Amino acid sequence: MILLSDSATNEILRLKAKRHNSGLLLRLGIQSTGCLGLSYTIEFNEGAQSDDQVFHCNGIEVLIDSKSLPYLNGLTLDYSEDLMGGGFRYRNPNATQHCSCGNSFSI
């Protein structure tokens, strides 16, 4: 299960509207990089792949590939703004460590 906060939902819808393509789907994933070995990826895609799990969150379809799902299951995606600007924040119950950048983690 994946959860989107209200502020993350609003920001995703805002970003999606800027692309003028209502069919875009949000993709969350992981890649092997970053301070602690893994980092989050977020992007828009036009369609799902055969190994994707599709989650319906606040009216947004979220895609996660089968490789990333064990690392992201239970994730809450939030969005906040501070003096340095805005950004997505990841609350991942599977992560044992988080880097201060907020985008890198380890399991």
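Residues numbered from 1 in each chain as written. Predicted model: local features only at pLDDT ≥ 70, side-chain atom pairs only at ≥ 80, totals over all residues. Heavy atoms only, no water.

**Q** Explain the sheet that holds strand 1 (residues 3–4) to me, please; I cannot follow it from the model alone.
**A** Each strand in a sheet pairs with its neighbour through backbone hydrogen bonds, running either in the same direction (parallel) or in the opposite one (antiparallel). Spatially, the three strands line up as an open sheet ordered 1-6-7, and their pairing is mixed. Of all strands in the sheet, those bounded by a partner on one side alone are strand 1 and strand 7 (85–91). Across seven bridges, the pairing between strand 6 (residues 76–82) and strand 7 is antiparallel. Directly across from Thr76, in strand 7, lies its bridge partner Arg91. (Pairing = 2+ DSSP bridges. Helix = DSSP H or I, 4+ residues; strand = E, 2+ residues; numbered from the N terminus.)

**Q** Before we go on, may I ask you to explain the environment of Thr96 in this structure?
**A** Looking at the secondary structure, you find Thr96 in the loop between strand 7 and strand 8 (97–98). In sequence terms Thr96 and Ile107 are eleven residues apart; their C-alpha atoms lie 5.1 Å from each other.

**Q** Explanation requested: the confidence of the model for the protein in the structure shown.
**A** Detailed reading of the predicted coordinates is not advisable wherever pLDDT falls low. The predicted model of the protein has a mean per-residue pLDDT of 88, with 88% of residues at 70 or higher. Ranking the elements of the protein by mean pLDDT puts strand 9 (residues 104–106) last with 64 and strand 1 first with 96. (pLDDT = per-residue confidence, 0-100.)

**Q** Can you help me understand helix 1 (residues 6–18) in this one?
**A** Owing to its 3.6 residues per turn, the α-helix brings residues three or four apart onto one side. Helix length check: helix 1, at 13 residues, gives a terminal C-alpha distance of 19 Å against a target of 18 Å (1.5 Å per residue), a fit within 8%. Taken residue by residue, helix 1 has Ala8, Thr9, Glu11, Ile12 and Leu15 as its buried positions. Along helix 1, the residues classed as buried sweep out an arc of 165° about the axis, all on the same side. Among the exposed residues of helix 1, those pointing more than 90 degrees away from its buried face are Asp6, Asn10 and Lys18. The inward-facing, buried residues of helix 1 contact strand 1, strand 2 (25–31), strand 3 (38–45), strand 5 (60–65), strand 6 and strand 7. Of the residues one or two after helix 1, His20 is the one with positive phi, at around 55°. (Expected span 1.5 Å × (residues − 1). Buried < 20%, exposed > 50% of the residue type's maximum accessible area, 1.4 Å probe, protein only. Arc of directions from axis to C-beta. Contact = heavy atoms within 4.5 Å.)

**Q** What is the right way to look at the pattern of salt bridges in this model?
**A** Close approach of charged atoms allows side chains with opposite charge to pair. Within the structure shown, the criterion is met by four salt bridges. As a salt-bridge pair, Asp78 and Arg91 come within 2.8 Å of each other at their nearest N and O atoms. In this pair, Asp78 is assigned in strand 6 and Arg91 in strand 7, connecting sequence segments 13 residues apart. By relative accessible area, Asp78 is classed as buried at 14%. (Salt bridge = Lys/Arg side-chain N within 4 Å of Asp/Glu carboxyl O.)

**Q** Would you mind showing me how to read the packing of aromatic side chains here?
**A** Any pair of aromatic rings gets described here by the distance separating the centres and the angle formed by the planes. Across all of its chains, the model carries two aromatic pairs by this definition. For the ring pair Tyr40 and Tyr90, a centre distance of 4.0 Å and an interplane angle of 5° mean the geometry is stacked. Linking Tyr40 in strand 3 with Tyr90 in strand 7, this pair joins segments that are 50 residues apart in sequence. Taking relative accessible area as the criterion, Tyr40 reaches 8% and is therefore assigned buried. Here Tyr90 falls in the buried class, since its relative accessible area comes to 9%. Summarising the aromatic geometry, the rings of Tyr79 and Phe88 are spaced 5.3 Å apart at their centres and angled 65° between planes, so their arrangement reads as edge-to-face. One exposure class covers both Tyr79 and Phe88, and it is buried. (Phe/Tyr/Trp six-rings, centres within 6.5 Å; stacked < 30°, edge-to-face > 60°.)

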